[in-house]
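In case you want the letters, here they are:
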Amino acid sequence: MSNEAIVFQGTQKTLEASGVSIANNALAQANDASYGIVADGDSYPDARFVLTGTFSVAPTENTTLALYARPLNIDGTADADVPEITRPTQYIGVFAVNNVTTSQSLVLMAQNVPWEADYYIHNNGTGQTLSAGWDLLVTPCTIGPAA
């Protein structure tokens, strides 16, 4: 009998295919799709988010773009409030940026994501604007026993 664990992953989903520009210390929704762990994620509680985008001026090295969630249908059909810069709703994690103007694909592994949610990117201190055209993808995942 094996005690090994392996990672299982589901089908990747696009949450945003061409996002609006996000100024330094501003917030924007990935509004192409919501994500639900049951409907989209094979009931896997964890997720791998990939944000790909560019800056026209290089951002400050190792500053971050934060990922926030707005949980949906949390009390019947009632949703959490829309995130604000000073009140982010549910923090998921950060993408640390490089100080380049070329395309960056940034990965964030998140555990126990909301059952159903809309997602938002907060440019919280890069010093520059994230250019329009960014995308955000999510891949459901979980760890389970090897066969």
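Since the structure is predicted, the reported quantities are computational estimates derived from the model, not experimental observations.

Caption draft 1: Structural context of the nonpolar core. Grouped together as the largest cluster of nonpolar side chains are 28 residues, with contacts concentrated most on Phe 49, Phe 95, Tyr 119 and Leu 136. Breaking this core down by element, the ones donating at least two residues are strand S3 (27–36), strand S4 (46–53), strand S5 (64–71), strand S6 (90–96), strand S7 (104–110), strand S8 (116–123) and strand S9 (135–145). The element that contributes the greatest number of residues to this core is S3, accounting for four residues. Excluding residues within four positions of it along the chain, Phe 95 makes contact with Phe 49, Leu 51, Thr 63, Thr 64, Leu 65, Leu 67, Leu 106, Val 107, Leu 108, Ile 121 and Leu 136.

Caption draft 2: A look at the pairing of strand S1 (residues 5–9). In terms of burial, S1 is a largely surface element, zero of the five residues being buried. Pairing of S1 with S9 involves five bridges; the strand directions are antiparallel. Following the sheet pairing, Gln 9 is matched in S9 by Cys 141.

Caption draft 3: Expanded view of the side chain of Thr 142. When you line up the elements, Thr 142 lands in strand S9. In this structure Thr 142 comes out as buried when scored by relative accessible area, which is 17%. Not counting residues up to four positions away in its chain, the partners in contact with Thr 142 are Ile 6, Val 7, Phe 8, Tyr 44, Pro 45 and Asp 46.

Caption draft 4: Region of interest: the environment of Ala 78. With respect to the helices and strands, the residue Ala 78 is situated in the loop between S5 and S6. Residues contacting Ala 78, with those up to four places away along its chain left out, are Leu 72 and Asn 73.

Caption draft 5: Structural detail: the sheet that holds S8. Taken together, the four strands give an open sheet; going across it, the order is S3-S8-S5-S6, and neighbouring strands pair in antiparallel fashion. The open sheet has two edge strands with one neighbour each: S3 and S6. Between one strand axis and the next, the sheet turns by 25 degrees as a mean value, whatever way the strands run. Taken together, the six bridges between S5 and S6 define a ladder with antiparallel strand orientation. Looking at the pairing, Leu 67 lines up with Gly 93 of S6.

Caption draft 6: Main features of unusual backbone geometry. Backbone geometry at Asp 42 places phi at a positive 55 degrees, although glycine is not the residue there. Structurally, the position occupied by Asp 42 is in the loop between S3 and S4. A positive phi angle is found at Asn 112, which is not glycine, with a value near 50 degrees. Structurally, Asn 112 can be placed in the loop between S7 and S8.

Caption draft 7: A look at the packing of aromatic side chains. Evaluated as defined, the whole model comprises two aromatic pairs. Centroid distance Phe 49 to Tyr 119: 5.1 Å. Interplanar angle 50 degrees. Geometry classified as tilted. One end of the pair, Phe 49, is in strand S4; the other, Tyr 119, is in strand S8, with 70 residues separating them in the sequence. Of the two residues examined, Phe 49 and Tyr 119, each falls in the buried class.

What counts, and where the lines are drawn
Residues numbered from 1 in each chain as written. Predicted model: local features only at pLDDT ≥ 70, side-chain atom pairs only at ≥ 80, totals over all residues. Heavy atoms only, no water. Core = buried A, V, L, I, M, F, W, Y, C linked by side-chain atoms within 4.5 Å. Buried < 20%, exposed > 50% of the residue type's maximum accessible area, 1.4 Å probe, protein only. Helix = DSSP H or I, 4+ residues; strand = E, 2+ residues; numbered from the N terminus. Contact = heavy atoms within 4.5 Å. Pairing = 2+ DSSP bridges. Axes fitted to C-alpha atoms, helices over the stretch in contact; angles between N-to-C directions. Phe/Tyr/Trp six-rings, centres within 6.5 Å; stacked < 30°, edge-to-face > 60°.

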